[in-house]
Amino acid sequence: MKISKNKLVTVVTTLTLGFGFTMGVTPAFADSNQSSLQHSSISSIEQEEQQPFTGYVISIDDIYMVVANTSTKEEALSYQDDWWELASQSKILRVPLSAGDHYVLGEKLNVFAKAWTLSIPPIAIAPTIERVAD
């Protein structure tokens, strides 16, 4: 069985590209116009747009605060002891607290998170918190 040189080159190139892309490696010649020094490592979570969530603080403990997305502060505070109904409607977000964070019940916040957990209620990952004037 004799294989032509062109066929051999085609097979080797296909296998190299296939394995390279499958393993997440770009072949060296695929980006030959840019210097490797220009590349910077950025994790995928840093590239994602932050997800906004606006609501009122209805619960605070040592680790998390619970923020309810309701139209009024009074409505939010009415769910203070039983917020699972809002959680099932995706209107609750648990936000991790950092040392030195001081929030009060009923305070309106914008919470921007890089991601949310898939739990019910979701937990904000790497949140940025802004106070909102009522």
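Presented here is an overview of the structure given in this document.

What counts, and at which threshold
- For every chain, the first residue of the written sequence is number 1, and numbering continues from 1 along that sequence.
- It should be noted that, the model being predicted, local features are given only for residues of pLDDT at least 70 and side-chain atom pairs only at 80 or more, the latter also being counted only at that level, while totals for whole chains, interfaces and linings use all residues.
- Heavy atoms throughout the structure, all of them, feed into the side-chain values; hydrogens and water do not.
- By definition, any uninterrupted DSSP run of H or I lasting at least four residues is a helix, any uninterrupted run of E lasting at least two residues is a strand, and each is numbered from the N terminus.
- Three exposure classes are used, based on accessible area relative to the maximum for each residue type with a 1.4 Å probe and protein chains only: buried under 20%, partly exposed in between, and exposed over 50%.
- The term polar contact refers here to a pair of N or O atoms within 3.5 Å; inside protein, the definition further demands a hydrogen-donor-capable atom paired with an acceptor-capable atom, and it admits residues adjacent in sequence only when both atoms are side-chain atoms.
- It only takes one pair of heavy atoms within 4.5 Å for two residues to be counted as in contact.
- Pairing between strands requires that DSSP locate at least two bridges from one strand to the other.
- Here an angle of 0 to 180 degrees is reported between the N-to-C directions of two axes, which are lines fitted to C-alpha atoms, with helices fitted over the stretch in contact.
- Ring pairs are drawn from Phe, Tyr and Trp, using the six-membered ring of Trp, whenever the two centres fall within 6.5 Å, and their geometry is named by plane angle: stacked under 30 degrees, edge-to-face over 60, tilted for the rest.
- We call a charge positioned over a ring when the NZ of a Lys or the CZ of an Arg lies within 6 Å of the ring centre and within 35 degrees of the ring normal.

1. Structural notes on the side chain of Asn110
Okay, step 1: Among the secondary structure elements, Asn110 is positioned in strand β4 (residues 108-113).
Okay, step 2: For Asn110, a relative accessible area of 18% translates into the label buried.
Okay, step 3: A polar side-chain atom of Asn110 sits 2.5 Å from a polar atom in the side chain of Thr54.
Okay, step 4: The contacts of Asn110, once residues within four sequence positions are left out, are Phe53, Thr54, Thr128, Ile129, Glu130 and Val132.

2. Some details on the environment of Glu130
Okay, step 1: Looking at the element boundaries, Glu130 is found in strand β7 (residues 128-131).
Okay, step 2: Spatially, the C-alpha atom of Glu130 lies 8.7 Å from that of Lys108, the residues being 22 residues apart in sequence.
Okay, step 3: In this structure Glu130 touches Lys108, Leu109, Asn110 and Phe112, once residues within four positions along its chain are discounted.

3. Section: the sheet that holds strand β3 (residues 92-96)
Okay, step 1: On the basis of which strands lie adjacent, the open sheet formed by five strands has the order β3-β2-β1-β4-β7 and antiparallel pairing. Looking at strand neighbours, the two that pair on one side only are β3 and β7, the edges of this open sheet. Within the sheet, the average angular offset between the axes of one strand and its neighbour, ignoring direction, is 40 degrees.
Okay, step 2: Direction of pairing for strand β1 (residues 51-60) relative to β4: antiparallel, over a ladder of six bridges. Bridging across to β4, Gln51 finds its partner in Ala113.

4. Observations regarding the packing of aromatic side chains
Okay, step 1: Scanning all chains against the criterion turns up two aromatic pairs.
Okay, step 2: Centre to centre, the rings of Phe53 and Trp116 are 5.9 Å apart; their planes meet at 80 degrees, and the pair counts as edge-to-face. In this pair, Phe53 is assigned in strand β1 and Trp116 in strand β5 (residues 115-116), connecting sequence segments 63 residues apart.
Okay, step 3: Consider the rings of Trp83 and Trp84, whose centres lie 4.7 Å apart with planes at 25 degrees: the pair is stacked.
Okay, step 4: Judged by its relative accessible area of 14%, Trp83 is buried.
Okay, step 5: On the accessibility criterion, Trp84 (48% relative accessible area) is partly exposed.
Okay, step 6: Arg94 extends its terminal NZ or CZ atom over the ring of Tyr64, reaching a point 4.2 Å from the ring centre.

Purely spatial values, then, with no claim about function.
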